[in-house]
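The lines below spell out each chain.
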Amino acid sequence: MVDTPQVLGNGWLSDVAIRAHVSGLEASRLRIEVEEEIDSTNAALKRRALSEDIHGLALFAETQTAGRGRLGRVWVSPPRCNIYLSLGWRTGLDPLELAGLSLAVGCAIGDGLERNFGLKMQLKWPNDLYLGGQKCGGVLIDLVQSSNQDWTIVVGVGLNVAMANPGDDNDIDQPWTDLGSHTTATLTRNEVGGQLLGALVPLLSSWQVGAFGQWRESWSRRDLMAGHQITVQQGNHSISGRAEGVDPSGALRVVTNEGLTVVQSGEASMLRSKDL
Ligand code: BTN
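What this report covers is the structure whose coordinates are included nearby. Since this is a predicted model, take the numbers as computed values, not measurements.

Digging into the overall build of the chain
Then comes step 1: Scanning the chain for helices and strands turns up 6 helices and 12 strands.
Then comes step 2: For the chain, the C-alpha radius of gyration of 18 Å lies close to 19 Å, the compact-globule estimate for 276 residues.
Then comes step 3: Dimensions of the chain, computed from C-alpha atoms along their principal axes, come out at roughly 55 × 50 × 30 Å.
Then comes step 4: Classification of the 276 residues of the chain by burial places 51% in the buried group.

A look at the packing of aromatic side chains
Then comes step 1: Counted according to the given criterion, the structure contains 0 aromatic pairs.
Then comes step 2: Across the ring face of Trp 12, the terminal group of Arg 80 is positioned such that the distance to the ring centre comes to 3.9 Å.

Quick look at the nonpolar core
Then comes step 1: Of all hydrophobic cores here, the largest spans 62 residues; its most connected members are Ile 109, Leu 159, Leu 197 and Trp 207.
Then comes step 2: Three or more residues apiece are contributed to this core by two domains, here domain 1 (7-221) and domain 2 (225-275).
Then comes step 3: If we skip the residues at most four places from it in the chain, Ile 109 touches Met 121, Leu 129, Val 139, Val 157, Leu 196 and Leu 200.
Then comes step 4: Core analysis: the second largest hydrophobic core is formed by 10 residues, Ala 49, Leu 59, Val 144 and Val 154 among them.

Things to note about the layout of surface pockets
Then comes step 1: Approximately 890 Å³ is the volume attributed to the largest pocket.
Then comes step 2: Contributing to the lining of the largest pocket are 42 residues, with Arg 73, Trp 75, Asp 128, Lys 135 and Gln 174 lying nearest its centre.
Then comes step 3: Secondary structure elements with two or more residues in the lining of the largest pocket: helix H3 (41-49), strand S3 (82-89), strand S5 (128-131), strand S6 (134-145), strand S7 (151-160) and strand S12 (267-270).
Then comes step 4: In terms of residues, the lining of the largest pocket owes the most to one element, S6, which gives 6 residues.
Then comes step 5: Considering only residue class, the lining of the largest pocket consists of 17 nonpolar, 16 polar and 9 charged.

Quick look at the side chain of Asp 111
Then comes step 1: Take Asp 111: it is sitting in helix H4 (residues 101-117).
Then comes step 2: Dropping the residues within four chain positions of it, Asp 111 is found in contact with Trp 215, Ser 218, Arg 221 and Arg 222.

Things to note about unusual backbone geometry
Then comes step 1: In this chain, Trp 125 is followed by Pro 126 through a cis amide linkage whose omega measures -5°.
Then comes step 2: Here Pro 126 lies in the loop between strand S4 (122-124) and S5.
Then comes step 3: Despite not being glycine, Arg 80 shows a phi value in the positive range, around 60°.
Then comes step 4: The topology assignment puts Arg 80 in the loop between strand S2 (57-64) and S3.

What to know about the sheet that holds S5
Then comes step 1: Pairing is mixed across the open sheet formed by 7 strands, whose spatial order is S1-S2-S3-S7-S6-S5-S4. Here the strands that pair on one side only, and so sit at the sheet edges, are strand S1 (31-38) and S4. Going across the sheet, the axis of each strand differs from the next one's by a mean of 20°, ignoring polarity.
Then comes step 2: In this structure, S2 lies alongside S3, joined through 3 bridges in antiparallel fashion. Residue pairing for S3: Ala 58 is matched across the bridge by Leu 87.
Then comes step 3: This element, H3, spans S1, S2, S3, S6 and S7 of the sheet and lies at about 140° to S2.
Then comes step 4: Across the sheet, helix H5 (residues 189-205) lies against S1, S2, S3 and S7, angled at about 25° from S3, the strand it touches most.

Criteria and thresholds
Residues numbered from 1 in each chain as written. Predicted model: local features only at pLDDT ≥ 70, side-chain atom pairs only at ≥ 80, totals over all residues. Heavy atoms only, no water. Helix = DSSP H or I, 4+ residues; strand = E, 2+ residues; numbered from the N terminus. Rg over C-alpha atoms; globule rule 2.2 N^0.38 Å. Buried < 20%, exposed > 50% of the residue type's maximum accessible area, 1.4 Å probe, protein only. Phe/Tyr/Trp six-rings, centres within 6.5 Å; stacked < 30°, edge-to-face > 60°. Lys NZ or Arg CZ within 6 Å of the ring centre and 35° of its normal. Core = buried A, V, L, I, M, F, W, Y, C linked by side-chain atoms within 4.5 Å. Domains from an automatic or database assignment. Contact = heavy atoms within 4.5 Å. 1 Å grid on protein atoms, 1.4 Å probe; cavity = no way out; pocket = protein on both sides within 12 Å on 5 of 7 lines; lining within 4 Å. Points joined across faces, edges and corners; volume = space filled by probe spheres on them. Nonpolar A, V, L, I, M, F, W, Y, C, P; charged D, E, K, R; others polar. Pairing = 2+ DSSP bridges. Axes fitted to C-alpha atoms, helices over the stretch in contact; angles between N-to-C directions.

In structure tokens form, the structure reads like this:
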């Protein structure tokens, strides 16, 4: 934690200002839109995909009235302090060929925020973004099939930038943090939004089957749970053991009393020392 955060979270988002912060080549591949209020940027892009091509469409919102997180959770989305972004992208691949993509999105965001703002982001499998051991954001990937059967992905990113107003966090059910609490850099949401797009577009445009292998090293540097005792909840079933990183497809490796298990999906939590 730093004493004097310099984040200017409360200016308005602007498509022109965001575009100015996307690195040159990537900016030309994007349409950037900002909504003042929307139900959910992911839901909005999925709706629009039924009647238009959303490839390269980046939709930001100042606030969401029905922001969604993983596993149907609510994503608390107070106005004018955070990033709520969805980016539509046609990869030309089928859903089964996208293994590891959502983890790679976290790595690309982490690498970009470290390069540009010196932030040391950690990642909690599969999609949580952490700073200083507390959650600061998350990634939610949805898939939509257009009328010609092509799959388009909707990459949703929620990132707390400067959650400054009392009560903003009343509905958040876990410890949280924001970028502003971890940097002395002066940064705006337009800048953060532009940098996010600059990190995501090269990843998405070069994604191929098996591409997570290139991101595995970045993942292991940022892996919040590696070496910790964890429990992964899968419906009524749970698996407990020591987290041992991820395999080349992005599945979680857990060493249980019976040996190594590879977990494809579920909700992982780290055991606190008093739980052991
Ligand atoms: C999670 O950690 O559960 C994922 C959270 C993803 C939230 C973002 S905010 C922008 C986009 N629109 C949504 O409704 N959800 C994602």
